[in-house]
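# Report on the structure
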Amino acid sequence: MILRFSDPESLSRAAADMFAQAAQTAVQERGRFNVALSGGGTPVRTYQLLAQAPWCDRTPWPHVHVFWGDERCVEIDDQRSNAGMAYRTLLRHVPVDPAHVHPIRCAADPEAGAAQYDELLRTHLSSPAPHLDLVILGLGRNGHTASLFPGSPAIDEKGRWAADVYVAEQAMHRVTLTPPLLNAARTVLFLVSGNEKAHVLKSVLEGPFMPRRLPAQAIHPHSGRLIWLVDAPAAARLAPSP
Ligand code: 6PG
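Residues numbered from 1 in each chain as written. Predicted model: local features only at pLDDT ≥ 70, side-chain atom pairs only at ≥ 80, totals over all residues. Heavy atoms only, no water.

What follows is about the packing of aromatic side chains. In this structure the tally under the stated criterion is three aromatic pairs. Measuring from ring centre to ring centre gives 5.4 Å for Phe 19 and Phe 33, while their planes differ by 80°; the resulting arrangement is edge-to-face. Of this pair, Phe 19 sits in helix H1 (residues 8-30) while Phe 33 sits in strand E2 (residues 33-37), placing them 14 residues apart in sequence. Accessibility classification places Phe 19 together with Phe 33 in one group, the buried group. Judged by centre distance (5.9 Å) and plane angle (35°), the ring pair of Phe 19 and Trp 61 falls under tilted. With Phe 19 in helix H1 and Trp 61 in the loop between helix H3 (55-58) and strand E3 (64-68), the pair connects residues that are 42 residues apart, well separated along the chain. (Phe/Tyr/Trp six-rings, centres within 6.5 Å; stacked < 30°, edge-to-face > 60°. Helix = DSSP H or I, 4+ residues; strand = E, 2+ residues; numbered from the N terminus. Buried < 20%, exposed > 50% of the residue type's maximum accessible area, 1.4 Å probe, protein only.)

Here it is in structure tokens:
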């Protein structure tokens, strides 16, 4: 499903609505809400809104368990840290249980950090099935999502739920969740904003299926919902909606 918005603010409000709604449903049905957050600039406004009324009050924070879709392997107080960004914009301002917040710790050793996160995910999600309730993702200009970058072997990962990757263009190690876990999610929400994403968004959604070149195409939940929230500048090259 592709939902189009006139501007980033209305997109962010819709994302905050969906987060709060998904949290309420999950807690009513299963007693907890497992969410994986994205990094990048696009979700910042959504996280800020979630820390404010009415979204903050609509979200059952004590039952929210926070994971990340990916992390840059830097210390948490580094400006580039995805967990650091989520703490600054959201988690410090809401009554989430600190024991329910699970950053990916990979600054010292990316490979060990990925293995530990894989184990942690299996402890939290294996029973009865490994479904994250909600995964928030972004789209990079080169078609990457989470830290699944073009050409990375992690795109074809079949076993591990978390993998370490080295991104040569940024000279940075990262850890990313992998398609087997991401595609088991109940809902995947892509947030895409800005005209610099228009070209790649069209290729991902309307071009040939080439997930090794456009890793975002590797994300298609088996039985969950796939929702793209896109603003008008990002949607500018898409075929008109029916
Ligand atoms: C990261 C991300 C990454 C991001 C995209 C889009 O840590 O960099 O999780 O996959 O979502 O690069 O980033 P923007 O929202 O900044 O465009």
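Another point: the pattern of salt bridges. The final tally for this structure, using the stated rule, is 13 salt bridges. Put simply, Asp 133 and Arg 186 hold a salt bridge, and the shortest N to O gap is 3.0 Å. In this pair, Asp 133 is assigned in the loop between helix H5 (110-125) and strand E5 (134-137) and Arg 186 in the loop between helix H6 (179-182) and strand E8 (187-192), connecting sequence segments 53 residues apart. According to the relative accessible area criterion, Arg 186 is partly exposed, its value standing at 30%. Notably, a salt bridge pairs Glu 206 with Lys 202, separated by 2.6 Å at the nearest N-O pair. With a gap of four residues between them, Glu 206 and Lys 202 both fall in helix H7 (residues 198-206), about one helical turn apart. Look at the salt bridges and you will find they share partners, linking Glu 29, Arg 30, Asp 133 and Arg 186 into a network. (Salt bridge = Lys/Arg side-chain N within 4 Å of Asp/Glu carboxyl O.)

Looking now at the nonpolar core. Membership of the largest hydrophobic core comes to 80 residues, with the highest contact counts inside it found for Phe 33 and Trp 68. In this structure, Phe 33 is in contact with Phe 19, Ala 22, Ala 23, Ala 26, Val 27, His 63, Val 64, His 65, Asp 133 and Leu 134, ignoring residues within four places of it in sequence. (Core = buried A, V, L, I, M, F, W, Y, C linked by side-chain atoms within 4.5 Å. Contact = heavy atoms within 4.5 Å.)

Take the pairing of E3 next. Every regular strand shows the same layout, with side chains that alternate between the two sheet faces. Among the five residues of E3, five are classified as buried, and the element is accordingly described as predominantly covered. Judged by which residues are buried, E3 turns out to be covered on both faces: Val 64, Val 66 and Trp 68 on one side and His 65 and Phe 67 on the other are all buried. With five bridges connecting them, E2 and E3 associate as parallel partners. Within E3, the residue paired with Asn 34 across the bridge is His 65. (Pairing = 2+ DSSP bridges.)

Gly 41, Thr 42, Asp 70, Ala 146 and Lys 197 are the nearest of the 16 residues found near the ligand. Between an oxygen atom of the ligand and a side-chain N or O atom of His 144, the distance comes to 2.7 Å. Relative to its free-state accessible area of 420 Å², the ligand is covered by the protein chains to the extent of 86%. Grouping the constituent residues of the shell around the ligand by class yields two nonpolar, ten polar and four charged. (Near = heavy atom within 4 Å. Polar contact = N/O pair within 3.5 Å; in protein donor to acceptor, adjacent residues only side chain to side chain. Areas by Shrake-Rupley, 256 points an atom, 1.4 Å probe, with all protein chains shown as cover. Nonpolar A, V, L, I, M, F, W, Y, C, P; charged D, E, K, R; others polar.)

The periodicity of an α-helix, 3.6 residues per turn, causes residues three or four positions apart to be oriented the same way. Among all positions in H7, only Ala 198, Val 200, Leu 201 and Val 204 are buried. Down the axis of H7, the sector holding all buried residues measures 165°, keeping them to one side. Structurally, H7 contributes buried residues whose contacts are with E8, strand E9 (225-231) and helix H8 (232-235). (Arc of directions from axis to C-beta.)

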